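Breakdown of the fold
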Amino acid sequence: MPRRPNPLDPSSSPLALFGSELRTYRERSGLSQEQLGSKTNYAGSFVGAVERAEEMPRREFALKMDPALDTGDALTRLWDGLLKPSVYPSWFDWHLHEADATVLRSFQLSVVDGLLQTEDYARDLLYGDETAVAGRMARQEILEREDPPLVICVLDESVLWREVGGPEVMRAQLDHLVAVASERISIHVVPSRRHRGINGSFVLATLEDRSEVAYVETSARGITTGEPQDLATLAERFEAIRSRALPVDQSLELIARTAEERWT
């Protein structure tokens, strides 16, 4: 039996408005969710979840829906205007926010921040996907520009001990962290004990207009958010974590010592 449509309030969120418009165009076309999904290579259940504002679609979804529903590109325009500045799946346009940032505050619980990874370290994390590796390395170009962002990176100590790619890769990665540290790149290590970051990694980006956006990792996917309450929570959490971390000089000494003692 088809699921009864949710009486969605289009004014409740950008995603709700997008879902409401999608449903309106679909019903106007006389298609069921399953029929529309079949035409566009999506599961009907996913179409329904988007309509109910339970799933955040990628831009590709809107691009496929527009011709299938003869909307005149209305859904793509809605996605660009409403969903792009909101919350969307892992890495969806995050690199654009990152590139626009004047300050990046990063806490990493499990691995080195992508901006500070060596190519071999990234390659192992990305299972040898050379396209993905090239994309990650390209992100690091912002550190070489004339006006690089101020980067404040806090690493859980376990990152130094978690083997990625083997001892040689780890030694090179830790040496790289020591080498790139500068007035514009501060690296802190927080001892692996109970602290405010044990729930997961995140990055806060401050943009040129002083607005902020954040990237938060979850078990299912990464989320980019500009919600004020989320930003306030993450900013408070970052400062709480950093207050427990070692100063830069002591952190770099620990990184160098770990490279020598553990990964040689």
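I will try to describe carefully the structure that is included in this document. Quick caveat: nothing in here was measured; it's all calculated off a predicted structure. (Residues numbered from 1 in each chain as written. Predicted model: local features only at pLDDT ≥ 70, side-chain atom pairs only at ≥ 80, totals over all residues. Heavy atoms only, no water.)

**Quick word on the side chain of Ser-106**
Assignment of secondary structure puts Ser-106 in strand β1 (residues 101–108). One polar contact links Ser-106 to Gln-108, side chain to side chain, over a distance of 3.0 Å. With residues near it in sequence (within four places) discarded, Ser-106 still touches Asp-113, Ile-152, Cys-153, Val-154, Phe-202, Val-203 and Phe-238. (Helix = DSSP H or I, 4+ residues; strand = E, 2+ residues; numbered from the N terminus. Polar contact = N/O pair within 3.5 Å; in protein donor to acceptor, adjacent residues only side chain to side chain. Contact = heavy atoms within 4.5 Å.)

**What to know about the pattern of salt bridges**
Tallied over the entire structure, the rule returns 14 salt bridges. For Glu-60, the salt bridge goes to Lys-64, with nearest N and O atoms at 3.5 Å. In this pair, Glu-60 and Lys-64 are both assigned in helix α4 (residues 59–69), four residues apart and thus about one turn of the helix distant. Assessed through its relative accessible area of 31%, Lys-64 is described here as partly exposed. The salt bridge partner of Glu-212 is Arg-105, with a shortest N-O separation of 2.8 Å. A residue pair is termed long-range when its members are at least 10 positions apart, and Glu-212 in strand β5 (residues 212–217) and Arg-105 in strand β1 qualify at 107 residues. (Salt bridge = Lys/Arg side-chain N within 4 Å of Asp/Glu carboxyl O. Buried < 20%, exposed > 50% of the residue type's maximum accessible area, 1.4 Å probe, protein only.)

**Quick look at the sheet that holds strand β4 (residues 202–207)**
Strand order in this open sheet of six strands is β3-β2-β1-β4-β5-β6, and the pairing throughout is mixed. If you trace the sheet from one side to the other, it starts and ends with β3 (185–190) and β6 (222–225), each paired once. Adjacent strand axes in the sheet meet at a mean angle of 10°, parallel and antiparallel pairs treated alike. Where β1 meets strand β2 (residues 150–156), six bridges bridge the pair, whose relative direction is parallel. Across the sheet, residue Phe-107 finds its bridge partner in β2, namely Val-154. (Pairing = 2+ DSSP bridges. Axes fitted to C-alpha atoms, helices over the stretch in contact; angles between N-to-C directions.)

**Concerning the pairing of β3**
Within β3, six of the six residues are buried, leaving the element largely enclosed by the surrounding structure. Going residue by residue along β3, you find Ile-185, Ile-187 and Val-189 tucked away on one face and Ser-186, His-188 and Val-190 tucked away on the opposite face as well. Examined bridge by bridge, β2 and β3 share six bridges and lie parallel to one another. When the sheet's bridge partners are listed, Val-154 is paired in β3 with His-188.

**Here we look at the environment of Arg-139**
By the element assignment, Arg-139 lies in helix α8 (residues 130–139). Taking the C-alpha atoms as reference points, Arg-139 and Ala-99, 40 residues apart in sequence, are found 7.6 Å from one another.

**What to know about unusual backbone geometry**
Its identity is not glycine, yet Asn-41 carries a phi of approximately 70°, on the positive side. Mapped onto the elements of the fold, Asn-41 is located in the loop between α2 (33–40) and α3 (44–51). What makes Asn-41 exposed here is its relative accessible area of 67%. Within the chain, Arg-210 stands out as a residue other than glycine whose phi angle is a positive 75°. If you trace the backbone, Arg-210 turns up in the loop between β4 and β5.

**Focus: α2**
Helical periodicity: at 3.6 residues per turn, an α-helix aligns residues three or four positions apart in one direction. Among all positions of α2, only Gln-33, Leu-36, Gly-37 and Thr-40 are buried. The arc that holds the buried residues of α2, viewed along the axis, is 100°, so those residues lie on one side. α2 presents Glu-34, Ser-38 and Lys-39 as exposed residues on the side facing more than 90 degrees away from its buried surface. At its buried positions, α2 is contacted by α1 (14–28), α3 and α4. (Arc of directions from axis to C-beta.)

**Section: the packing of aromatic side chains**
Two aromatic rings are characterised by how far apart their centres lie and by the angle between their planes. Taken as a whole and judged by the stated rule, the model has five aromatic pairs. Arranged with centres 4.9 Å apart and planes meeting at 70°, the rings of Tyr-42 and Phe-61 form a pair that is edge-to-face. Pair noted here: Tyr-42 is in the loop between α2 and α3 and Phe-61 is in helix α4, with a separation of 19 residues, a long-range link. Using a relative accessible area of 0% as the deciding quantity, one classes Phe-61 as buried. An angle of 75° between the planes, with centres 5.6 Å apart, marks the rings of Phe-46 and Phe-61 as edge-to-face. (Phe/Tyr/Trp six-rings, centres within 6.5 Å; stacked < 30°, edge-to-face > 60°.)

It is worth stressing that arrangement in space is one thing and function is another; only the former is reported here.
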